[in-house]
Amino acid sequence: MKVLIIGGRGFIGPYVVRQLTEMGNEVTIFNRGKTNSEEFPHITHIRGDLEQLDEHINEFKRFSPDVVVHMLAMNERVAKKTISGD
């Protein structure tokens, strides 16, 4: 399965990424690139800011994930913005 992780480098993210990859999933992480990306050198990283998700739509489409795990959807506004792209 192809899994896009939005966030993925903070408190819980590395554990989720590790578990998913150990299960044989293809994982791509979208984050700002400000935290220890060297921990997962074999994983594709898309660098960008959560507030500009729409600027990375083509990269997300190329990856074509089966599942998106949003590690930073802390409230309804963020969740809706992620889904709608507005």
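What you see is a predicted model; the values in this text were computed from it and never measured.

(A) Region of the structure containing the sheet that holds strand E3 (residues 44–47). Sheet architecture is open: four strands sit in the order E3-E2-E1-E4, paired in parallel fashion. Of all the strands in the sheet, just E3 and strand E4 (67–70) have a single pairing partner and so form its edges. On average, adjacent strands in this sheet sit at an angle of 20° to one another, irrespective of strand direction. Sheet analysis places strand E2 (residues 26–31) next to E3, joined by four bridges and oriented parallel. Each bridged residue has a counterpart across the sheet, and for Thr28 the counterpart in E3 is Thr44.

(B) View of helix H1 (residues 13–22). Buried residues of H1: Gly13, Pro14, Val17 and Leu20, and no others. Buried residues of H1, seen end-on, are gathered within an arc of 135° and therefore sit on one face of the element. Facing away from the buried side of H1 by over 90 degrees, the exposed positions are Tyr15 and Glu22. Along its buried surface, H1 packs onto strand E1 (2–6) and E2. In the stretch just after H1, Gly24 is the one whose phi turns positive, near 95°.

(C) Fine view of the layout of surface pockets. What the largest pocket holds in volume is close to 290 Å³. Contributing to the lining of the largest pocket are 20 residues, with Gly7, Gly8, Arg9, Gly10 and Leu72 lying nearest its centre. Of the residues that constitute the lining of the largest pocket, the class distribution is eight nonpolar, eight polar and four charged. Its boundaries defined by the atoms lining it, the second largest pocket holds a volume of some 210 Å³. Considering the residues around the second largest pocket, the lining is formed by eleven residues, among which Ile6, Leu53, Phe60, Thr82 and Ile83 are closest to the centre. Going through the elements one at a time, E1, helix H2 (57–63) and helix H3 (76–84) are the ones with two or more residues in the lining of the second largest pocket. Of the residues that constitute the lining of the second largest pocket, the class distribution is seven nonpolar, three polar and one charged.

(D) How the structure looks around the side chain of Thr28. For Thr28, the position within the fold is in strand E2. With sequence-adjacent residues up to four places away left out, Thr28 is seen in contact with Val3, Leu4, Ile5, Ile43, Thr44, Ile46 and Phe63.

Conventions we followed
- Residues numbered from 1 in each chain as written.
- Predicted model: local features only at pLDDT ≥ 70, side-chain atom pairs only at ≥ 80, totals over all residues.
- Heavy atoms only, no water.
- Pairing = 2+ DSSP bridges.
- Helix = DSSP H or I, 4+ residues; strand = E, 2+ residues; numbered from the N terminus.
- Axes fitted to C-alpha atoms, helices over the stretch in contact; angles between N-to-C directions.
- Buried < 20%, exposed > 50% of the residue type's maximum accessible area, 1.4 Å probe, protein only.
- Arc of directions from axis to C-beta.
- Contact = heavy atoms within 4.5 Å.
- 1 Å grid on protein atoms, 1.4 Å probe; cavity = no way out; pocket = protein on both sides within 12 Å on 5 of 7 lines; lining within 4 Å.
- Points joined across faces, edges and corners; volume = space filled by probe spheres on them.
- Nonpolar A, V, L, I, M, F, W, Y, C, P; charged D, E, K, R; others polar.

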